[in-house]
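Chain by chain, the residues run as shown.
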Amino acid sequence: MTTPTLPFADLERVYEHLATTLDALPEAQERLFLAQLALALAHRVPDVAHVMAAIEEARRGTETATS
């Protein structure tokens, strides 16, 4: 896992905003929104290795959630 750069309170604000945004979208648009969000965030990271590591971290998180 990577070292967090946002304070926990800010991370909670991000989570809440993301959840609210996803709830407001039609289900058919959720995957597109998440892909666009991931690419927009990746565009702000200057190191491709960090982006790839974040993708793997998220993938492992989904495996844990479904186990």
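Residues numbered from 1 in each chain as written. Predicted model: local features only at pLDDT ≥ 70, side-chain atom pairs only at ≥ 80, totals over all residues. Heavy atoms only, no water.

Things to note about the overall build of the chain
To be explicit about the condition: Only runs of H or I of at least four residues qualify as helices and only runs of E of at least two qualify as strands under DSSP, and these elements are numbered from the N terminus. A 1.4 Å probe rolled over the protein chains alone gives each residue an accessible area, and that area as a share of the maximum for its type sets the label: buried under 20%, exposed over 50%, partly exposed in between. To measure how exposed things are, a 1.4 Å probe is used in the Shrake-Rupley method; for residues, cover is taken only from the protein chains shown. Charge convention: Lys and Arg are scored as positive, Asp and Glu as negative, and His as well as the terminal groups of each chain are ignored. Taken as the charge location is NZ of Lys, CZ of Arg, CG of Asp or CD of Glu.
A tally of regular secondary structure across the chain gives three helices and zero strands. By residue count, 3% of the 67 residues in the chain fall in the buried class. When the accessible surface of the chain is totalled, it reaches about 6,100 Å², and 64% of it is carbon and sulfur. A gap of 5 Å separates the mean positions of the 5 positive and 10 negative side-chain charges of the chain.

Quick look at a nonpolar patch on the surface
Let me state the cut-off plainly: Only residues whose relative accessible area exceeds 30% and that form no salt bridge enter a patch; like-charged residues are grouped when within 9 Å of one another, and nonpolar side chains (Val, Leu, Ile, Met, Phe, Trp, Tyr) when within 5 Å. The working definition used for a salt bridge is a side-chain nitrogen of Lys or Arg within 4 Å of a carboxyl oxygen of Asp or Glu.
Judged by side-chain polarity, Leu6, Phe8, Leu11 and Val14 come together as a nonpolar surface patch covering roughly 390 Å² of accessible area. Along the chain, the position of Phe8 falls in helix α1 (residues 8–24). With relative accessibility at 59%, the residue Phe8 sits in the exposed group.

What to know about the packing of α1 against helix α2 (residues 27–43)
Let me state the cut-off plainly: Comment: axis = line fitted to C-alpha atoms, over the contacting stretch for helices; angle = value between 0 and 180 degrees taken between N-to-C directions. Crossings are assigned a handedness: left-handed for a near helix turned anticlockwise from the far helix by less than a right angle, right-handed for a clockwise turn. Whether two residues are in contact is decided by their heavy atoms: any pair within 4.5 Å suffices. Residues were grouped as follows: Ala, Val, Leu, Ile, Met, Phe, Trp, Tyr, Cys and Pro as nonpolar; Asp, Glu, Lys and Arg as charged; and all remaining residues, including Gly, as polar.
Orientation of α1 relative to α2, taken along the N-to-C sense of each, is 145°, at an axis distance of 10 Å. Seen from above, α1 lies across α2 with right-handed handedness. Between α1, through Leu18, Thr21 and Leu22, and α2, the contact on the second element is made entirely by Glu30, Phe33, Leu34 and Leu37. Tallied by class, residues from the contact of α1 with α2 come to five nonpolar, one polar and one charged.

Some points on the confidence of the model for the chain
Here is the rule: One number per residue, pLDDT, summarises how confident the predictor is, and it ranges from 0 to 100.
For the chain, mean pLDDT is 92; residues scoring 70 or higher make up 94% of the total. Of all helices and strands in the chain, the one with the weakest mean pLDDT is helix α3 (residues 48–66) (92), whereas α2 scores best (97).

Some words on α3
Here is the rule: In this analysis, the expected span of each helix is defined as 1.5 Å times one less than the number of residues it contains. Here a polar contact is recorded for every N or O atom pair within 3.5 Å, except that within protein the pair must consist of a potential hydrogen donor and a potential acceptor, and residues adjacent in sequence are included only if both atoms are side-chain atoms.
Here α3 spans 28 Å end to end across 19 residues, near enough to the 27 Å set by a 1.5 Å rise per residue. Between a side-chain oxygen at the N-terminus of α3 and the backbone nitrogen of Ala49 the separation is 2.9 Å; the capping residue is Asp47.

Describing the pattern of salt bridges
If you walk through the whole model with that rule in mind, you get three salt bridges. Of the charged contacts, one joins Asp10 and Arg13 as a salt bridge, the two residues approaching to 3.8 Å between their closest N and O atoms. Highlighted residues: Asp10 and Arg13, both in helix α1, separated by three residues, approximately one helical turn. For Asp10, a relative accessible area of 30% gives the class partly exposed. Salt-bridge contacts for Glu56 lead to Arg59; the nearest nitrogen and oxygen are separated by 2.7 Å. Taken together, the positions of Glu56 and Arg59, both in helix α3 and three residues apart, correspond to about one turn of that helix. The partly exposed category is assigned to Glu56, whose relative accessible area is 34%. By relative accessible area, Arg59 is classed as partly exposed at 37%. Among the ionic contacts, a cluster of salt bridges with common partners joins Glu56, Arg59 and Glu63.

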